[in-house]
Amino acid sequence: MKNWLIIILLFPCVTLFSQEIFKSDAFTITSDKVVQENFEAKAKSRTEIVSNYKSSFKTRTHNRITFKFSINGLDNEAVPGQDHIYFITPIDGKDTSNIFVFGKPDQNSSVNQPERFLQVKTDLLLRVDINDVLKDFKEKGFFQTFDGNKISRQDFKGVFVAGSTAPLTWDWNSLPNRNDLQLKDPNGNGIYEILLHIEKEFSPVDDSKSDWKLSKDISAFPKYKSSSNLIDALYNMSLEEMILNVRSDGSFMAGEKWPGVWTRDLSYSIILAMAIINPDASKTSLMAKVKNNRIIQDTGTGGSWPISSDRMVWSVAAWEIYLVTGDKDWLKSSYGIIKNSALDDLNTVLDPSSGLFKGESSFLDWREQTYPRWMDPKDIYTSKNLGTNAIHFQTYKILSEMAKQLGESSDQFAKTAENIKNRINKNLWMKDKEYFGQYLYGRNFQSLSPRSEALGEALTVLFEIADADQQKKIIANTPVTKFGIPCIYPQIPNIPPYHNDAIWPFVEAYWAWASAKTGNATSVEYALASIYRAASLFLTNKENMVATSGDYLGTEINSSRQLWSVAGNLSTIYRVLFGMNFTQDGLKLNPFIPKSYDGTRELNNFKYRKSILTISIDGYGNEIKSIRLDGKEISSAIIPADLSGAHQVKIQMANKIDGTSKINLVENYYSIETPVVKVENNTLKWNAVEGTTLYHIFKNGKKVGDTHDSFYLLDDTVYAEYQVAAIDKMNSQSFLSEPVVVSNVLPTMIEAEYLKRENNDMYISNIVSLTDSLKTKIKDIDFKVDIKTDGFYLIDFHYANGNGPINTDNKCAIRTLLINDKVIGPVVFPQRGIDKWNDWGYSNSFLINLKKGKHKITLTFRSSDNNMNGKVNSALVDNLRISLIEKN
């Protein structure tokens, strides 16, 4: 007995018995291990974890494969999203591709072939012509890649291929060492080829490992210690992965497979944890995403900004850095950048009629993953998303605070923030579900999508867009699945997991933070368990996991040590267990420690402004019984901002939790397919959707009827847009169908006229090219219109933009609409495909009250129409369409 006492005294923090932290039907977490069915991850110490987890995911191979060629194994053939596509058509198990050209978009008509599963194992001979590269090597001594990097002739090591189907991989870090993915030139004619053995069923490349040991020096960062070896080890692993994610230029890369610096990734990471422990790299990273004293929007749908408009999350990250550091110079410089960007958004992104900001869902930037298939980039631009509007609200709230600090007027910023908050609550709150809807969507008339959107829901709690009662309801009622909270719920049918049917640990971290804010112990426990389970079993902070299985394989793409997942893991310590909230006055501590985490935990070497703190907490709950600073009890849990030197903070919790513990734990679920609707003989008709119990009919964004049939008789009307939603046995609603227009008045089409330009734009028939030269004087495009009847009219433009793919890049064309020389608003002409100048669509529209008589409608370019590219801002305009909606 004496010997045991000696051991306990010498090692007071060693856990002699494994303490259960979390248990569900899916998995169990104790203080030193995670158990999920036959898999186990165990912390051997605070610096080592072992795991026997192996993914069992297999999928049937599609005949459609996507890939990129590469020089020297680097991602240097084309811009992100510009991949090659080939449809495998085997004969006796063999196939030979057409010859692709390095750096050139596909010209092969096979991209229009139907997608099927591969029926036999196939040997595919894949070929690429690199003669343009070799010519540059010979004539110039180097080849310049699409991103401006130069590869010298002597540095040429070979041609590789990356892709989506095994044995291909998108792991660019491993590619230079993959001899099996290197192409050869057998005939010396510049045509490189590789024979790929494609199985009809495959497992994606599995980069799992069985052991993690700390290998980096993390002593410069705060040291965390508790009675749980597992959580301590995960903290240390996350610090190490943070170090690995710092690039040579001092900024954060997005993750192991994503070496670039991305606005949204780093900003969400900085808010969670990186401002707290690495403010210098956080500053460097944010400044890498600034151009022309404005925030850079990441590439996105239809050519980036303003289709994607969540760049303003940069402002929340910048403000967090200031609150952590108190750096006045940083405050001044970031204020100007945020202000300029916000004013641009007020001109181009704010929708005056709804008071909400338009644009793609924040972070959910893969179109098909969260939007119905029929929505094109223009439709996404006009939608109003929950998370994106939460970011815009917080931006103006921050601008107001910054302006006060700098002695400038803040009233207008505060007023704008309050207005956004009111409009979010008015337009997006769902009384029946008691959480917010995903977005307003449609075309000229919009409806609310009743899906939940986890990140947006969490942000409304953390930013206090929702009131205190709403906040509790959001956390209690938003659907959560057994492996965590999915990005959206319910899932979209026939869309593979990525944002759809997936859990992202960084989103889970925001959910944990929001749950702690509302005092919901069960929600906190589930959120922490989701993050800890995945990181333990996978031995890294993966970007995402399949919601149904909790596996990291099976999503469209994944990466280890993903920056925001790393930050999310660290935030469970800083934001939840220690309850850190940085303010202008000081560091507020409001710990939330679930009862199963009861014990003593300590952070030492924690740097806060000019002080170095050792913070220890004993007990559990979300109420502090006592707090001592250097042995003296203090009245509030606030560490003053002007404190300097080394200090000790000791917190005793009251061992009770004030708050509800209800969560909406559900089975993962897919809604049913979206109806495809047409109009025939004054009747709406659509395909019968399998699993439907009822159809809802919408007219101009409002529900007007129900039917069990696959048709609906229409009333005579001047103009109306109809949509249909399918309802299943769980009362879950499909997306609304693409709007179909019913009108007894044909629209007026006014052709664009030839214009004499100062540059050499090409004209096709009566199509006018909007110049892409922003340094040349740009002439207006005028349309003369003779209105026959007073009334409300929809105005839009028929256009083409082949400057880039539909899913990425940054060449969305923008112009300003004038009517009789009065500014009406921005017209956007999103990208529709690389070199697809014969792919036509319509711009966003405007509802205008026009009087009978002649009017001049003008497209012009103003400084607010600068896009993210800064140089290419062009489109072809065919005609102006005017549709009578309602007579006065």
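Structure's up top.
Computed from a prediction, not measured in an experiment: that's the story for all the values here.

Parameters at a glance
Residues numbered from 1 in each chain as written. Predicted model: local features only at pLDDT ≥ 70, side-chain atom pairs only at ≥ 80, totals over all residues. Heavy atoms only, no water. Helix = DSSP H or I, 4+ residues; strand = E, 2+ residues; numbered from the N terminus. Contact = heavy atoms within 4.5 Å. Polar contact = N/O pair within 3.5 Å; in protein donor to acceptor, adjacent residues only side chain to side chain. Core = buried A, V, L, I, M, F, W, Y, C linked by side-chain atoms within 4.5 Å. Buried < 20%, exposed > 50% of the residue type's maximum accessible area, 1.4 Å probe, protein only. Salt bridge = Lys/Arg side-chain N within 4 Å of Asp/Glu carboxyl O. Pairing = 2+ DSSP bridges. 1 Å grid on protein atoms, 1.4 Å probe; cavity = no way out; pocket = protein on both sides within 12 Å on 5 of 7 lines; lining within 4 Å. Points joined across faces, edges and corners; volume = space filled by probe spheres on them. Nonpolar A, V, L, I, M, F, W, Y, C, P; charged D, E, K, R; others polar. Phe/Tyr/Trp six-rings, centres within 6.5 Å; stacked < 30°, edge-to-face > 60°. Lys NZ or Arg CZ within 6 Å of the ring centre and 35° of its normal.

Asks: Give a description of the environment of Ser354 that names residues and reports values.
Replies: With respect to the helices and strands, the residue Ser354 is situated in the loop between strand E21 (350-351) and strand E22 (356-357). Between the C-alpha atom of Ser354 and that of Arg423, which follows or precedes it by 69 residues, the distance is 7.1 Å. Setting aside its immediate chain neighbours within four residues, Ser354 contacts Lys384, Arg423 and Asn427. A polar side-chain atom of Ser354 sits 3.2 Å from the main-chain amide nitrogen of Leu356.

Asks: Any chance you could break down the nonpolar core for me, citing the residues and the numbers?
Replies: Grouped together as the largest cluster of nonpolar side chains are 210 residues, with contacts concentrated most on Tyr510 and Phe606. Here the element with the most residues in this core is helix H15 (residues 521-538); it accounts for 12 residues. Look past the residues within four positions of Phe606 in its chain and what remains in contact with it is Pro222, Ile276, Tyr574, Met580, Phe582, Leu587, Ser611, Ile612, Leu613 and Ile615. Core analysis: the next-biggest nonpolar cluster, separate from the first, contains 25 residues, Ile750, Ile819, Val827 and Ala875 among them.

Asks: Talk me through the pattern of salt bridges; I want residue IDs and the actual numbers.
Replies: For the coordinates displayed, the defined rule picks out 40 salt bridges. The closest approach of N and O atoms between Asp298 and Arg264, which form a salt bridge, is 3.6 Å. Note that Asp298 is positioned in the loop between strand E20 (294-295) and helix H6 (313-325) and Arg264 in helix H4 (residues 263-277), a separation of 34 residues in sequence. Both residues of the pair, Asp298 and Arg264, count as buried. Where Asp821 meets Lys856, a salt bridge forms, and the shortest distance between an N and an O atom there is 3.1 Å. Here Asp821, found in the loop between strand E53 (813-819) and strand E54 (822-829), pairs with Lys856, found in strand E57 (residues 853-860); they are 35 residues apart in sequence, far enough to count as distant.

Asks: If you had to explain the pairing of E53 to someone new, which residues and values would you point to?
Replies: With 7 of its 7 residues buried, E53 lies for the most part within the structure. Burial along E53 is two-sided: Ala813, Arg815, Leu817 and Ile819 and Ile814, Thr816 and Leu818, pointing in opposite directions, are all buried. Across 7 bridges, E53 lies against E54 in antiparallel orientation. Paired with Thr816 across the bridge in E54 is Pro826. The hairpin formed by E53 and E54 contains 2 residues between the paired strands, and Asn820 there has a positive phi angle of roughly 55°.

Asks: Describe empty space enclosed by the protein, naming the residues involved and giving the relevant values.
Replies: Per the stated rule, a full pass over the model turns up 3 cavities of 30 Å³ or more. Space inside the largest cavity adds up to approximately 60 Å³. For the largest cavity, the full set of lining residues is Gln19, Ile21, Ser31, Ser226, Ser227, Ser228, Ile231, Ser596, Tyr597, Asp598 and Arg601. Taken together, the residues of the lining of the largest cavity sort by class into 3 nonpolar, 6 polar and 2 charged. A volume near 50 Å³ is recorded for the second largest cavity. The element best represented in the lining of the second largest cavity is H15, accounting for 4 residues. Among the residues forming the lining of the second largest cavity, the class breakdown is 5 nonpolar, 2 polar and 1 charged.

Asks: Let's hear about the packing of aromatic side chains: which residues, and what values?
Replies: Here the structure, examined in full by the defined rule, presents 42 aromatic pairs. Relative to Tyr53, the ring of Phe39 lies with its centre 4.7 Å away and its plane at 55°, an arrangement referred to as tilted. Here Tyr53 lies in the loop between strand E5 (48-51) and strand E6 (59-60) and Phe39 lies in strand E4 (residues 39-45), a separation of 14 residues in the sequence. Here a set of aromatic residues connected by ring pairs shows up, and it is made of Tyr268, Phe363, Trp366, Tyr498, Trp504, Phe506, Tyr510, Trp513 and Trp564. The ring of Phe142 has Lys150 sitting right over it, with the charged end atom 4.7 Å from the ring centre. Sitting over the ring of Phe27, Arg533 keeps its end group 5.8 Å from the ring centre.

Asks: Help me get a handle on unusual backbone geometry, residues and values and all.
Replies: The omega torsion across Ala166 and Pro167 is 10°, close enough to zero to call that bond cis. Here Trp305 and Pro306 are connected by a cis peptide whose omega angle stands at 5°. You will see that Ser304, though not glycine, has its phi angle at about 70°, which is positive. Tracing the chain through its elements places Ser304 in the loop between E20 and H6. The exposure class assigned to Ser304 is buried, which follows from its relative accessible area of 0%.

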